[in-house]
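Residue-level structure breakdown
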Amino acid sequence: IGLADASFMGSGSERRYEDLCRNIINDMNQYGLSVVDDFLGMEKGLKILNEVRSMYNAGAFQDGQVASNMRTDAQSSTVRGDKIRGDKITWVGGNEPGCSNVGYLTNQIDSVVYRVNTMKDNGILGNYHIRERTRAMVACYPGSGTHYVMHVDNPNKDGRVITAIYYLNIDWDAKESGGILRIRPTPGTTMADVEPKFDRLIFFWSDIRNPHEVQPAHRTRYAITVWYFDAKEREEALNRAKLETSKTNNASAIAQQAEPDSTT
Ligand SMILES: Cc1cc(NC(=O)CCC(=O)O)nc(C)c1Br
Ligand SMILES: [Fe+3]
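So, here is what we can say about the structure in this document. Owing to the predicted nature of the structure, the values given are computational and were not obtained by experimental measurement.

Here's the deal with the nonpolar core
If you look at the biggest cluster of nonpolar residues, it comprises 41 residues, and the most contacted ones within it are F39, I48, V52, I109, F203 and I224. Sorting the residues of this core by element identifies α1 (11-30), α2 (42-57), α3 (100-118), β5 (136-141), β7 (160-167), β10 (200-205) and β12 (221-230) as the ones contributing at least two each.

As structure tokens, then:
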């Protein structure tokens, strides 16, 4: 169901918006994921794609972090061993110059997420209190077989409960170009293969319910991801982190006292 032609003023589009949110609620409760096609329409989608392309051409993207600890010496990019990931990423708040269309996208996703989080009879979505999200992570897989290994976004209760990914790839044909997002190939659960199609938005639970991978892409593949926090889980995670830091600080302070002063 596209929001594209939803002028939001007419009652017709209001009903379409309600239906969209109801579909997302049903999908999230039934499958733990939801795919929305034609989210913003061709015109808005193209503006976002052009904005992302110019950011990429301006060199704003960095290599995605590898899972193993990065070697810092100069050759790190050549002797990094087997690449865990091939994507290049950049983070966007949405108000930076030249990012207004990414900003528009995140506002649109926000309104859907906040709406479904507060609608009645929304099942699991009702358990969360979503107030915040991360900035938008703009990712580019430059093709030539770059991929992303199987992983869970939030395996340890860091607060993130919903992953939302918006794809920008016009006329993507996975038979030729690969790049499928494969979710939940763990035995016993149904597998979902999602093509990174233009103007497609996907939501899924960020936790262990949805292990996923990006299969090797043979064409430039753009995606924009935001993660939504549950207020309680996020607060508990931040408190744990604070506790950890203070423990580490105390431990290192004690260790410091124990060691002879090595600076002399
Ligand atoms: C940086 C980062 C990216 C991703 N991206 C995907 O899973 C790819 C989804 C897609 O493009 O279809 N996941 C994590 C847990 C981190 Br961290
Ligand atoms: Fe992921």
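Anyway, onward from the coordinates.
So, the sheet that holds strand β9 (residues 192-194)
Judged by pairing direction, the sheet is antiparallel, and its four strands sit side by side in the order β6-β11-β8-β9 without closing on themselves. Whereas interior strands pair on both sides, the edge strands pair on one side only; in this sheet they are β6 (146-151) and β9. Across the sheet, the axes of successive neighbouring strands diverge by a mean angle of 20 degrees, strand direction being ignored. The pairing of strand β8 (residues 181-183) with β9 spans three bridges and is classified as antiparallel. Paired with R182 across the strands is D193, a residue of β9.

Focus: the pairing of β5
By the criterion of burial, β5 is predominantly enclosed, with six of the six residues buried. Where burial is concerned, the two faces of β5 agree: the one with A136, V138 and C140 and the one with M137, A139 and Y141 are both buried. Of the pairings in the sheet, the one linking β5 to β12 comprises five bridges and is antiparallel in character. Looking at β12, one finds that Y141 is bridged to R221.

Focus on empty space enclosed by the protein
What the rule picks out here adds up to one cavity of 30 Å³ or more. Considered as a void within the structure, the largest cavity measures approximately 50 Å³ in volume. Lining the largest cavity, in full, are I24, M28, V112, V113, V116, L125, I162 and F203. Among the secondary structure elements, those contributing two or more residues to the lining of the largest cavity are α1 and α3. Element by element, the count of residues in the lining of the largest cavity is highest for α3, at three residues.

A closer look at the site of ligand 1
In the region of ligand 1, 14 residues are neighbours, and H151, D153, Y167, H212 and R221 sit closest. Within the contact set of ligand 1, an oxygen atom lies 2.9 Å away from a side-chain nitrogen or oxygen of H212. If ligand 1 stood free it would expose 450 Å²; the protein chains cover 86% of that surface. Elements represented by at least two residues in the shell around ligand 1 include exactly β5, β6, β7, β11 (212-217) and β12. It is β12 that contributes the most residues to the shell around ligand 1, three residues altogether. Taken together, the residues of the shell around ligand 1 break down into nine nonpolar, two polar and three charged.

So, the coordination of the iron ion (ligand 2)
Protein ligation of the iron ion (ligand 2) involves H151 (NE2), D153 (OD) and H212 (NE2), the donor distances falling in the range 2.1 to 2.2 Å. Read in sequence order, the donor residues for the iron ion (ligand 2) give the motif H-x1-D-x58-H. Of this pair, D153 sits in the loop between β6 and β7 while H212 sits in strand β11, and the two are 59 residues apart along the sequence. Here H212 falls in the buried class, since its relative accessible area comes to 5%.

Side note on the packing of aromatic side chains
Centre distance and the angle of the planes are the two values used to describe a pair of aromatic rings. This structure, assessed with the given rule, holds six aromatic pairs. Pairing Y56 with Y222 gives two aromatic rings, centres 6.0 Å apart and planes at 80 degrees, and the pair type is edge-to-face. Linking Y56 in helix α2 with Y222 in strand β12, this pair joins segments that are 166 residues apart in sequence. You can call Y222 buried: its relative accessible area is 7%. Site record: aromatic cluster; members linked through ring pairs are Y56, F61 and Y222. It is K44 that lies over the ring of Y104; its NZ or CZ is 4.8 Å from the centre. Taking NZ or CZ as reference, R221 lies 5.1 Å from the ring centre of Y141, over its face.

Conventions adopted
Residues numbered from 1 in each chain as written. Chains lettered and ligands numbered in written order. Predicted model: local features only at pLDDT ≥ 70, side-chain atom pairs only at ≥ 80, totals over all residues. Heavy atoms only, no water. Core = buried A, V, L, I, M, F, W, Y, C linked by side-chain atoms within 4.5 Å. Buried < 20%, exposed > 50% of the residue type's maximum accessible area, 1.4 Å probe, protein only. Helix = DSSP H or I, 4+ residues; strand = E, 2+ residues; numbered from the N terminus. Pairing = 2+ DSSP bridges. Axes fitted to C-alpha atoms, helices over the stretch in contact; angles between N-to-C directions. 1 Å grid on protein atoms, 1.4 Å probe; cavity = no way out; pocket = protein on both sides within 12 Å on 5 of 7 lines; lining within 4 Å. Points joined across faces, edges and corners; volume = space filled by probe spheres on them. Near = heavy atom within 4 Å. Polar contact = N/O pair within 3.5 Å; in protein donor to acceptor, adjacent residues only side chain to side chain. Areas by Shrake-Rupley, 256 points an atom, 1.4 Å probe, with all protein chains shown as cover. Nonpolar A, V, L, I, M, F, W, Y, C, P; charged D, E, K, R; others polar. Donors = N, O, S within 2.8 Å, 3.2 Å for Na, K, Ca; no water. Phe/Tyr/Trp six-rings, centres within 6.5 Å; stacked < 30°, edge-to-face > 60°. Lys NZ or Arg CZ within 6 Å of the ring centre and 35° of its normal.

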